[in-house]
Structures are given as structure tokens and as C-alpha cells.
Amino acid sequence: MLDWQAIDTVLLDMDGTLLDLHFDSHFWLEFLPLRYAEFHQMDIEQARAWLHERIVREQGTLNWYCLDYWTRELQLPVTELKREVADRIAFRPYVKAFLQALKDQQLRSVIVTNAHQGSLTLKVEQTRLDQLVDRVICSHDLKAAKEEQLFWQRLQALEPFDPERTLLVDDSLAVLGSAREYGIRHLLSIRQPDSKGPRRTITEFMAIDHFDEVMPTR
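Summarised in this report is the structure supplied together with it.

Thresholds applied
- Residues numbered from 1 in each chain as written.
- Predicted model: local features only at pLDDT ≥ 70, side-chain atom pairs only at ≥ 80, totals over all residues.
- Heavy atoms only, no water.
- Pairing = 2+ DSSP bridges.
- Helix = DSSP H or I, 4+ residues; strand = E, 2+ residues; numbered from the N terminus.
- Right-handed = clockwise from strand over helix to strand, strands pointing away.
- Buried < 20%, exposed > 50% of the residue type's maximum accessible area, 1.4 Å probe, protein only.
- Axes fitted to C-alpha atoms, helices over the stretch in contact; angles between N-to-C directions.
- Parallel < 35°, antiparallel > 145°, perpendicular 65-115°, else oblique.
- Left-handed = near helix turned anticlockwise from the far one by under 90°.
- Contact = heavy atoms within 4.5 Å.
- Nonpolar A, V, L, I, M, F, W, Y, C, P; charged D, E, K, R; others polar.

Remarks on the pairing of strand β3 (residues 135-138)
Relative to β3, strand β2 (residues 108-113) runs parallel, the two being bridged by four bridges. Bridging across to β3, threonine 113 finds its partner in cysteine 138. Where the polypeptide runs from β2 across helix α7 (residues 117-127) and back to β3, its parallel neighbour, the crossover connection is right-handed.

Right under this line is the structure:
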């Protein structure tokens with residue numbers, strides 16, 4: 001499925017790729033609306049509908065991912081609230097074995113995430129994910145989301161890579177499209193980023209269910 005002889009660098013998304021997206025889905029779709037409704041004395045379904053409409057407005061921008069932004073907008077301590085459900089943070093299947101195999105094959109592994117630093121810190125505390133890869137880069141530090149060409153330009157200046165010999169694994173089709181536009185040759189998606197969510201049919205990019213399908217060999 002992948003020509004590992006043609007790959008030197010592996011860029012990895014975090015949420016929905018290495019970690020189960022169920023934590024984030026539960027937080028934003030269930031837990032946060034409940035707390036918002038309690039704080040603002042609203043009906044839960046009204047709160048859910050309002051939050052959904054408000055959050056979707058920022059889709060594809062850094063604000064969409066920024067916990068500081070949502071803390072200001074919603075008047076709720078979003079980072080602290082995430083800690084209340086942190087026990088739901090979990091690896092997707094075969095991730096640890098895949099990351100170890102990358103090391104064994106001397107392939108450079110770099111997490112590139114749109115997650116806000118507050119969320120990233122919480123997940124690193126729970127999983128020690130940063131110890132399993134060579135580097136972790138947050139899009140907020142580059143002041144551009146992965147959906148933007150500016151992100152890839154700034155990433156390459158910070159973490160030099162040959163787009164022709166780079167693999168990006170990401171559950172976001174918009175991000176994969178942006179990476180393809182930038183010239184990254186090897187692109188791989190995830191069919192079921194949320195273990196409790198639907199399994200997607202993906203035709204635009206090569207896709208896997210789990211990492212045991214693409215263990216690196218050279």
C-alpha cells in the first residue's frame with residue numbers, strides 16, 4: 001500500500017489519527033453543551049444547537065481549535081473542563097507499535113497538530129505521546145492552521161522535509177487536500193477516527209482502518 005523505500009519523513013496528525021477522536025467528539029458535542037446550558041441557564045438542546053452553529057462558523061481556522069478563543073467566547077474555562085473528562089483520552093489501535101516501527105526503520109516521525117497547546121499538554125500528560133516521536137509541532141505556534149498553505153511553508157522552514165519523500169497521515173480530508181496542494185506526495189487517511197462514530201467511505205485518498213495495515217518495512 002505504501003512504498004516505504006520512497007519515504008524518509010512521516011508527519012502525523014494527533015486527534016483522530018494517533019488518538020481516538022471520541023474524546024473530542026464527546027467533549028464538544030455532549031459535555032460542553034451540558035456545562036454551557038447549566039452556566040447560562042438554557043435548555044440543553046438549545047445550547048447544543050447554538051454551540052454547533054457558533055463553532056461551525058470558525059471551521060478551518062485557528063479559532064476553531066483555540067481553547068483560549070472559546071474560553072473568551074463562551075465564558076467557560078474550556079481547558080479545565082477538558083480535564084474533567086480526560087479519562088476518555090486513548091490511543092487508536094496499533095499506534096504504539098506503528099510509532100515504534102518508524103523508529104526501528106530510522107524514519108523521522110513528527111506530530112503536526114492543529115490542537116491548541118492546552119489540549120496538547122493535557123493529551124501528552126495522559127499518553128506520553130511526545131516520547132514516542134521525534135518532534136511535536138503545534139499549528140498555533142506557526143500561526144496558521146494545517147488547512148492553509150502558510151502552515152506547510154512555515155513547517156518546512158522549521159522542520160525541513162522533502163515533500164516528495166514525505167508521508168502525511170491525517171483524518172481530515174481538508175488537511176490532506178492542503179498538503180497535496182503543497183506537494184506532499186504520500187497521503188493517507190483514517191476511515192474511522194472516532195471509535196464510536198461512523199466508518200467513512202474515502203475515495204479521494206488512500207485510507208486505512210488501523211495502522212497494522214501499513215507497518216513500515218524497508
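What about unusual backbone geometry?
A positive phi angle is found at glutamine 75, which is not glycine, with a value near 60°. Tracing the sequence through the fold places glutamine 75 in the loop between α4 (67-74) and α5 (78-84). Under the relative-accessibility criterion, glutamine 75 is labelled exposed at 54%.

Observations concerning the packing of helix α2 (residues 44-56) against α4
Packing of α2 against α4 leaves a shortest axis separation of 13 Å and a crossing angle of 135°. It follows from the interaxial angle that α2 and α4 lie oblique. When the axes of α2 and α4 are compared, the crossing they make is right-handed. For the pair α2 and α4, the contacting residues are Trp50, Leu51, Arg54 and Ile55 in the first and Tyr69, Trp70, Glu73 and Leu74 in the second. For the contact of α2 with α4, the class distribution of residues is six nonpolar, no polar and two charged.

Comments concerning the sheet that holds β3
If you trace the six strands from one edge of the open sheet to the other, you get β3-β2-β1-β4-β5-β6, paired in parallel fashion. At either end of the open sheet lies a strand with only one pairing partner, and these are β3 and β6 (206-208). Strand-to-strand, the axes of this sheet are offset by a mean angle of 25°, without reference to chain direction. Pairing of strand β4 (residues 166-169) with strand β5 (residues 186-190) involves three bridges; the strand directions are parallel. Of the residues in β5, the one forming a bridge with leucine 167 is histidine 186.

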